[in-house]
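What follows is the residue order along each chain.
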Amino acid sequence: MRVDLVTLVVEDYDAAIGFFVGVLGFELVEDSPSLTDDGRPKRWVVVRPPGAETGILLARADGERQAAVVGDQVAGRVGFFLRVDDFAAAYERMVAAGVEFVTAPRTESYGRVAVFLDIAGNRWDLLGPA
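Residues numbered from 1 in each chain as written. Predicted model: local features only at pLDDT ≥ 70, side-chain atom pairs only at ≥ 80, totals over all residues. Heavy atoms only, no water.

*Asks:* What is the right way to look at the packing of aromatic side chains in this model?
*Replies:* Working definition: an aromatic ring pair is given by the centre-to-centre distance plus the angle between the planes. Per the counting criterion, the structure on display carries 8 aromatic pairs. Relative to phenylalanine 20, the ring of phenylalanine 19 has its centre 5.2 Å away and its plane inclined at 90 degrees; by these criteria the two rings are edge-to-face. Considered together, phenylalanine 19 and phenylalanine 20 belong to a single accessibility category, that of buried residues. Ring centres of phenylalanine 20 and tryptophan 124 lie 5.9 Å apart, and the angle between their planes is 50 degrees; on these two criteria the pair is classed as tilted. Of this pair, phenylalanine 20 sits in helix H1 (residues 13-23) while tryptophan 124 sits in strand E8 (residues 123-128), and the two are 104 residues apart along the sequence. Exposure class is identical for phenylalanine 20 and tryptophan 124. Each is buried. Counting every residue linked through ring pairs, the aromatic cluster contains Phe19, Phe20, Phe26, Phe80, Phe87, Tyr91, Phe101, Phe116 and Trp124. (Phe/Tyr/Trp six-rings, centres within 6.5 Å; stacked < 30°, edge-to-face > 60°. Buried < 20%, exposed > 50% of the residue type's maximum accessible area, 1.4 Å probe, protein only. Helix = DSSP H or I, 4+ residues; strand = E, 2+ residues; numbered from the N terminus.)

Have a look at this one:
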């Protein structure tokens with residue numbers, strides 16, 4: 001048993017792909033046309049870190065209720081965790097690419113950590129070895 005996908009509600013498919021693939025370095029696993037339950041066009045867009053099994057389904061907000069959670073999917077908490085082997089290199093690359101960090105890097109008992117925002121404003125931990 002394993003978690004295959006988690007959904008991240010976004011405003012725009014292409015902007016989200018640009019962030020996750022172009023800025024964070026994820027792989028675009030799938031970008032296929034699809035339909036909503038009532039027949040309207042949408043896309044099935046999946047990204048994931050290189051070598052990872054679990055992916056993120058980038059789902060464009062459909063309607064006011066979904067639009068209201070863009071950037072606040074976990075009520076302002078850190079809800080996503082990106083573990084890297086080389087924290088310093090990943091941090092510097094992300095800063096250079098314009099990623100907004102809301103905390104400075106710090107060392108905790110579990111390693112190095114800094115909180116950043118994704119394209120929608122959701123909080124992520126960038127995690128690496130101490």
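*Asks:* What should I look at first to understand the side chain of threonine 36 in this one?
*Replies:* The residue threonine 36 is located in the loop between strand E2 (27-35) and strand E3 (41-48) in this model. We classify threonine 36 as buried; its relative accessible area is 13%. With residues near it in sequence (within four places) discarded, threonine 36 still touches Lys42 and Asp62. (Contact = heavy atoms within 4.5 Å.)

*Asks:* Can you walk me through the pattern of salt bridges in this structure?
*Replies:* Charged atoms that come close allow side chains of opposite charge to pair. Scanning the entire structure with this criterion turns up 8 salt bridges. For arginine 48, the salt bridge goes to glutamate 27, with nearest N and O atoms at 4.0 Å. In this pair, arginine 48 sits in strand E3 while glutamate 27 sits in strand E2, placing the two residues 21 residues apart along the sequence. Taking relative accessible area as the criterion, glutamate 27 reaches 35% and is therefore assigned partly exposed. A salt bridge links glutamate 108 to arginine 106; its shortest N-O distance comes to 2.7 Å. What makes arginine 106 partly exposed here is its relative accessible area of 32%. (Salt bridge = Lys/Arg side-chain N within 4 Å of Asp/Glu carboxyl O.)

*Asks:* Please clarify how the sheet that holds strand E1 (residues 5-10) should be interpreted in this entry.
*Replies:* What links the strands of a sheet is backbone hydrogen bonding, and the strands pair in either a parallel or an antiparallel sense. An order of E1-E4-E3-E2 is seen for the 4 strands of this open sheet, with the pairing classed as mixed. Each edge of the open sheet carries a strand with a single partner, namely E1 and E2. This sheet shows a mean twist of 25 degrees between the axes of neighbouring strands, independent of strand direction. Note: E3 against strand E4 (residues 55-60), 3 bridges, orientation antiparallel. The partner of valine 47 across the bridge, within E4, is isoleucine 56. Relative to E3, H1 is tilted by about 5 degrees, and along the sheet it contacts E1, E2, E3 and E4. (Pairing = 2+ DSSP bridges. Axes fitted to C-alpha atoms, helices over the stretch in contact; angles between N-to-C directions.)

*Asks:* Would you mind showing me how to read H1 here?
*Replies:* An α-helical turn contains 3.6 residues, so a residue and the one three or four places further along point in the same direction. Taken as a whole, H1 has its buried residues at Tyr13, Ala16, Ile17, Phe19, Phe20 and Val23. The N-cap of H1, judged by a side-chain oxygen 3.1 Å from the amide nitrogen of aspartate 14 a few residues on, is aspartate 12. Directly after H1, the chain includes glycine 25, whose backbone phi takes a positive value near 90 degrees. (Polar contact = N/O pair within 3.5 Å; in protein donor to acceptor, adjacent residues only side chain to side chain.)

*Asks:* Honestly, helix H3 (residues 87-96) in this entry has me stumped. Any pointers?
*Replies:* Listed as buried for H3 are Phe87, Ala90, Tyr91 and Met94. The arc that holds the buried residues of H3, viewed along the axis, is 100 degrees, so those residues lie on one side. For H3, exposure combined with an orientation more than 90 degrees from the buried face picks out Glu92 and Ala96. On its buried side, H3 packs onto strand E7 (111-117) and E8. Taking the backbone nitrogen of alanine 88 as reference, a side-chain oxygen 3.4 Å away marks aspartate 86 as the first, capping residue of H3. (Arc of directions from axis to C-beta.)

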